[in-house]
Amino acid sequence: MEDDEAEEQERFSYQQRLKAAVHYTVGCLCEEVTSDKEMQFSKQTIAAISEVTFRQCENFAKDLEMFARHAKRSTINTEDVKLLARRSNSLLKYITEKNEEIAQFNLEQKAKKKKKLENATKDLRDSAEAREVESEN
Amino acid sequence: MEGAGAGFRKELVSKLLYLHFRDKKTKVSADALQLMAEMLRIFVVEAAIRGVRQAQAEDLPLVDVDQLEKVLPQLRASGGTGYTPGLKAGPGWTGDRVTQACPRASWLRPDGYSADPSSSYPLQTP
């Protein structure tokens, strides 16, 4: 009985910490909007947006889990996220483009790393060859 | 690439999602996590911007909870699962009246985005 209570308490304080983190991010984003639109937000408004965003995450998470499960997967992928965005054409379009941007960026990062590795290997080989030639002479 | 502007850290997004998964085996791919961070960012920014529009329409210098209350139902309708209770439980708050008060087509409605270019904030390339 006591264990249940302790567990409940732990979950509650964990949630509170997450809410605080969300609140911070929301504050930063609202600050950007304020400088862009020249309109302030009351503290209560920022708190309210944070609360709603936190609650919305529950819906997102459950939907995503269901989508993946429906596709007989245990790992949620970008297709599931795109399904979340299906209600609006423009949101779906934006998310799809963002997805491609992310994929492209990751691809470029991989290519860069590969190139770096190849160059490093090539340098090693060149210097090894040069030393061989020298020693032959 | 994602450095421009504030946003949700992937670690936070991960924790937020995993908090609500029912199955212990459920995981999220790295790409999906990045995309979800973007989704949440859009969600917040859109709520903020609509609050701004409402405050502007009411000729106010500040976005207060009253303005936000009027714009939230549409926001939640897309991502939520039906009717959701308002922030201030009390008489006089009805989702229908609010929808009528905000005729501007939202990008969260199935009919797509409104033609107003100034409201295309989330679609601007960073």
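In this convention, every chain numbers its residues from 1, walking through the sequence in written order. Think of it this way: whatever chain is written first is A, whatever ligand is written first is 1, and the rest follow in order. At least 70 in pLDDT is required for a residue's local features to be given in this predicted model, at least 80 for side-chain atom pairs to be given and counted, and no such filter applies to totals for whole chains, interfaces and linings, which use all residues. Water and hydrogen atoms play no part in the side-chain values, which are based on all heavy atoms of the structure.

- Looking at an unreviewed UniProt entry, one finds chain B named Centromere protein X, with Chrysochloris asiatica as its source organism.
- UniProt positions are given in the numbering used here, feature names are shortened, and annotations may be inferred rather than shown by experiment. Recorded under Sequence similarities (unreviewed entry), the UniProt text for chain B is reproduced unchanged: "Belongs to the CENP-X/MHF2 family."

- Chain A goes by Centromere protein S in an unreviewed UniProt entry, where it is assigned to Chrysochloris asiatica.
- Here chain A is described in UniProt, under the heading Sequence similarities (unreviewed entry), as follows: "Belongs to the TAF9 family. CENP-S/MHF1 subfamily."

1. Structural notes on the overall build of chain B
- Scanning chain B for helices and strands turns up four helices and two strands.
- Starting at the N terminus and walking to the C terminus, you meet the elements of chain B as α-β-α-β-α-α.
- Per-residue burial for chain B yields a buried fraction of 52% across its 126 residues.
- Throughout, a contact is declared for two residues whenever any of their heavy atoms are within 4.5 Å. Within chain B, contacts between residues separated by at least 24 positions form 50% of all contacts whose residues are at least 6 apart in sequence.
- Per-residue and other accessible areas follow the Shrake-Rupley method at a 1.4 Å probe size, with only the shown protein chains counted as cover for residues. A total accessible area of about 6,400 Å² is found for chain B, and carbon and sulfur atoms account for 55% of it. Runs of E in the DSSP output that reach at least two residues are strands. Runs of H or I that reach at least four are helices, and both are numbered from the N terminus. Only protein chains enter the accessibility calculation, which uses a 1.4 Å probe. A residue is then buried if its area is under 20% of the maximum for its type, exposed if over 50%, and partly exposed in between.

2. Comments concerning the overall build of chain A
- In terms of helices and strands, chain A carries four helices and two strands.
- Going from the N terminus to the C terminus, chain A shows its helices and strands as α-β-α-β-α-α.
- For 137 residues, the compact-globule estimate of 2.2 N^0.38 gives 14 Å, and chain A exceeds it by more than 25% at 25 Å.
- Projected onto the principal axes, the alpha-carbon positions of chain A cover approximately 80 × 50 × 35 Å.
- Taking contacts inside chain A between residues at least 6 apart in sequence as the whole, the part at least 24 apart equals 27%.
- Carbon and sulfur atoms provide 51% of the accessible area of chain A, an area that totals close to 9,400 Å².
- Of the side chains in chain A, 24 bear a positive and 28 a negative charge, and the two mean positions are spaced by 5 Å. Radius of gyration here is computed from C-alpha atoms only, and the compact-globule reference equals 2.2 Å multiplied by the residue count raised to the power 0.38. Residues scored as positive are Lys and Arg, those scored as negative are Asp and Glu, and His as well as the terminal groups of each chain are ignored. Charged groups are reduced to one reference atom each: NZ for lysine, CZ for arginine, CG for aspartic acid, CD for glutamic acid.

3. With respect to the pattern of salt bridges
Residue and element names in this part refer to chain A.
- One side-chain nitrogen of Lys or Arg within 4 Å of one carboxyl oxygen of Asp or Glu is enough to make a salt bridge. Within this structure, the stated rule accounts for twelve salt bridges over all chains.
- Put simply, Arg 73 and Asp 80 hold a salt bridge, and the shortest N to O gap is 2.8 Å.
- Residue classification places Asp 80 among the buried residues on the basis of a relative accessible area of 2%.
- The partner of Glu 97 in a salt bridge is Lys 93, with the nearest N and O atoms 3.5 Å apart. Of this pair, Glu 97 and Lys 93 both sit in helix 4 (residues 89–136), separated by four residues, roughly a single helical turn.
- According to the relative accessible area criterion, Lys 93 is exposed, its value standing at 54%.

4. What to know about the interface of chain B and chain A
- Between chain B and chain A, the contact holds 65 residues from the first and 59 residues from the second.
- When the two sides are added together, the surface that chain B and chain A hide from each other amounts to roughly 6,000 Å², 70% of it contributed by carbon and sulfur.
- Between chain B and chain A we count zero salt bridges in total.
- Polar contact is defined as a pair of N or O atoms within 3.5 Å, subject to the rule that within protein one atom must be able to donate a hydrogen and the other to accept it, and that residues adjacent in sequence are counted only when both atoms are side-chain atoms. One can count 15 residue pairs in polar contact (both at pLDDT 80 or more) joining chain B with chain A.
- Elements with a minimum of two residues in the side of chain B that touches chain A: helix 1 (10–18), strand 1 (27–28), helix 2 (30–57), strand 2 (62–63) and helix 3 (65–79) of chain B.
- A per-element tally of the side of chain B that touches chain A places helix 2 of chain B first, with 20 residues.
- Across the side of chain B that touches chain A, the residue classes break down as 40 nonpolar, twelve polar and 13 charged. By buried area we mean how much accessible surface two parts lose on assembly, using a 1.4 Å probe and totalling the loss over both. Residue type decides the class: Asp, Glu, Lys and Arg count as charged, Ala, Val, Leu, Ile, Met, Phe, Trp, Tyr, Cys and Pro as nonpolar, and the leftover types, Gly among them, as polar.

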